[in-house]
Amino acid sequence: MDKELGLILLLVLLHCHKSNTDSQITCPYRCHCFTPGQVLCADGGLSYLPRNMSRKVKDFIIMSSDLQYLFAHTLEDSPQLIKLIFLNNALQSVHSQAFVDLVELQELEISGNPGLQHLFPETFVKQENLTKLMLNFNRFKTVPPGMFDQLKQLETLQMKANIITHLPTSLFLNLHNLRVLDLSQNKLEEVKRETFSGLARLETLKINNNLISNLTSDTFHNISQLIELHLEGNKISELADSIFFMLTKLKVLNLRGNLLTAFSDKVFGFEASNLIELNLKGNRLRELSSLSSLTCLSDLILSFNHLTNLPGDIFRNVTALENLDLSENQLTSLPETIFSNLFGIKTIHLNKNNLIKVDAKLFEDQALIQQLYLSDNQLETLPVGLLDHFAIQHTVRLHGNPWKCDCHMWYLHDWVVSNSQDIEMLDRMLCESPGFLRRRPVASIDKDQLVCQLSKDEMVDLSICSQVVFNDTVIINCKVDKCSTLTVKVQFQENDGSIKEQIFKSEPDHSHCSKETVIESPIQ
């Protein structure tokens, strides 16, 4: 876990400091004392709590030990503790009176105990000063009613990664100061309106990776101050209109990994939303209608859905947009004006779609673009001028497309050669055709090799030339009019694909020709 890694790093960084302070501090056996107020016990063989700690100790951390039981009054000699953390231990039981003496406690964590299944209702009855409580990565199935009734100063409550299936309706009733609530990675199937009664100041709510399939219109009625709402990894298939209407201060909405097939800004009601970040990655979106009320939106993630097309005005009022991710969809084309007026956008991800072509004016307003991904589509070429509007240093991905390396690729070839330092994975940007250039990196090809085959209507009359083969020699005879120009190019292709070229050109004899009779007929 991140906290465990942080504590281990702290142990290493302060090891030298420990050696200087050990002589001044009476440190409990098998523990480390970094300062007079901090004790860390991280010995795998430790099976009991140390006794006779200094009354100066404010922070006490027990990590990765064999500790299995917390008995009544187990820390009665340390009523001055402010922070108490049990992380990745072997706890199986916590007595209801274990913390009764710790009336000054402000932060308490009991996390990472795979054998801990129950807590008693009276466990935190004396912790009226507690502001942070973390009960993550245990095996709690239920939470007793009244469990948090005395924690009126609590600001952060985490119960992540347990196996909780339901919550008592009045569980959070007295938590009027709670700002962060994390119920993620449990087994919750339903969330009722009454569950959040009393949470008048809640700012962040995480209920991701549960089994929630539907939300009612009054689910968020009592938590109108919410700033962050995380609902990712559930089974939500539909959002009712105005379901987030009461969340007027909401800035982050994460719906990643659900079953939504459509999304509209109607879920926020008719008022302009203050939303800054919207994550819809990994749903089943086939339709994306109006987003016009999301005028403050800066980050929009729509990747890994089933979108095949988008309305040309979908981002019309979303002019604050900075980061847009449309990757891993099924888009075949984009309206010419879809990014119009998005002057501040920094990243556009269109990789892993089915784009066949893009319009020359598609990125006309994106002078400040920093990251553009067009990789892994079905593009054979790019229109002239498409990439000429970028004014600052940028990164582009173009690999994974079936590039057709003929005369229509002159613009893209020149741009690639001139901006090679801005293209990621340049060596993977390969020609798909014609055959003699297949699998060659675009940047390694000479522009003269980018030629087009003439159609029948474009073919020049070659009856003026004849061909004779003699042993290993090919002789080409051409009848040339004195008043005509004829150019013949002979190309030799080596085994490595390189081309050697010989050019023969016949100039007209202007002394025998008038201006009206001079005809130029170059043949290549």
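These numbers were taken from a predicted model, which means no experiment stands behind them.

**Q** Could you clarify how one ought to interpret the pairing of strand β7 (residues 107-111) in this entry?
**A** A regular strand places its side chains on the two faces of the sheet in alternate fashion. Taken across its five residues, β7 has five buried, putting it largely inside the fold. Of the two faces of β7, the one holding Glu-107, Glu-109 and Ser-111 and the one holding Leu-108 and Ile-110 are both buried throughout. Of the strand pairs in this sheet, strand β5 (residues 83-87) and β7 are connected by five bridges, and their pairing is parallel. Residue pairing for β7: Phe-86 is matched across the bridge by Ile-110. One ladder, built from three bridges, connects β7 with strand β8 (residues 132-134); its direction is parallel. Bridge pairing in β8 links Glu-107 to Lys-132.

**Q** I'm lost on the state of the cysteines in this one. Help?
**A** Two cysteines whose sulfur atoms are joined by a covalent bond form what is called a disulfide. Counted according to the given criterion, the structure contains four disulfides. Across the disulfide, Cys-31 is cross-linked to Cys-41 (sulfur-sulfur distance 1.9 Å). What sets the handedness of the Cys-31 and Cys-41 disulfide is the S-S torsion sign, and at about 100° it is right-handed. With Cys-31 in the loop between α2 (15-21) and β1 (32-35) and Cys-41 in strand β2 (residues 38-41), the pair connects residues that are 10 residues apart, well separated along the chain. Residue Cys-31 shares its accessibility class with Cys-41, and that shared class is buried. Note on cysteine connectivity: Cys-407 is disulfide-linked to Cys-452, with sulfurs 1.8 Å apart. An S-S torsion of about -100° defines the bridge between Cys-407 and Cys-452 as left-handed. Note that Cys-407 is positioned in the loop between β22 (403-404) and α3 (410-418) and Cys-452 in the loop between β24 (431-433) and β25 (465-470), a separation of 45 residues in sequence.

**Q** I tried to follow the side chain of Asn-351 on my own but got confused; where do I start?
**A** Inspection of the secondary structure assignment puts Asn-351 in the loop between β19 (347-349) and β20 (371-373). Look at Asn-351 and you get buried, because its relative accessible area is 12%. Ignoring anything within four residues of it in the chain, the contact list for Asn-351 reads Ser-327, Glu-328, Tyr-373, Ser-375, Asp-376 and Asn-377.

**Q** Help me out: how do you make sense of the pattern of salt bridges in this one?
**A** If the charged atoms of two oppositely charged side chains come close together, the side chains can form a pair. This structure, assessed with the given rule, holds seven salt bridges. Between Arg-30 and Asp-43 there is a salt bridge whose closest N-O contact spans 3.7 Å. Note that Arg-30 is positioned in the loop between α2 and β1 and Asp-43 in the loop between β2 and β3 (59-63), a separation of 13 residues in sequence. A relative accessible area of 26% places Asp-43 in the partly exposed class.

**Q** What should I look at first to understand the packing of aromatic side chains in this one?
**A** Given two aromatic rings, one states the distance between the centres and the angle between the planes to describe the pair. For the structure on display, the rule yields eight aromatic pairs. Ring geometry for Phe-99 and Phe-124: centres 6.5 Å apart, planes at 5°, overall stacked. In this pair, Phe-99 is assigned in the loop between β6 (93-94) and β7 and Phe-124 in the loop between β7 and β8, connecting sequence segments 25 residues apart. With relative accessibility at 1%, the residue Phe-124 sits in the buried group. Consider the rings of Phe-339 and Phe-363, whose centres lie 5.9 Å apart with planes at 10°: the pair is stacked. Within this pair, whereas Phe-339 is found in the loop between β18 (323-325) and β19, its partner Phe-363 is found in the loop between β19 and β20, the two being separated by 24 residues in sequence.

What counts as what
- Residues numbered from 1 in each chain as written.
- Predicted model: local features only at pLDDT ≥ 70, side-chain atom pairs only at ≥ 80, totals over all residues.
- Heavy atoms only, no water.
- Buried < 20%, exposed > 50% of the residue type's maximum accessible area, 1.4 Å probe, protein only.
- Helix = DSSP H or I, 4+ residues; strand = E, 2+ residues; numbered from the N terminus.
- Pairing = 2+ DSSP bridges.
- Disulfide = S-S within 2.5 Å.
- Contact = heavy atoms within 4.5 Å.
- Salt bridge = Lys/Arg side-chain N within 4 Å of Asp/Glu carboxyl O.
- Phe/Tyr/Trp six-rings, centres within 6.5 Å; stacked < 30°, edge-to-face > 60°.

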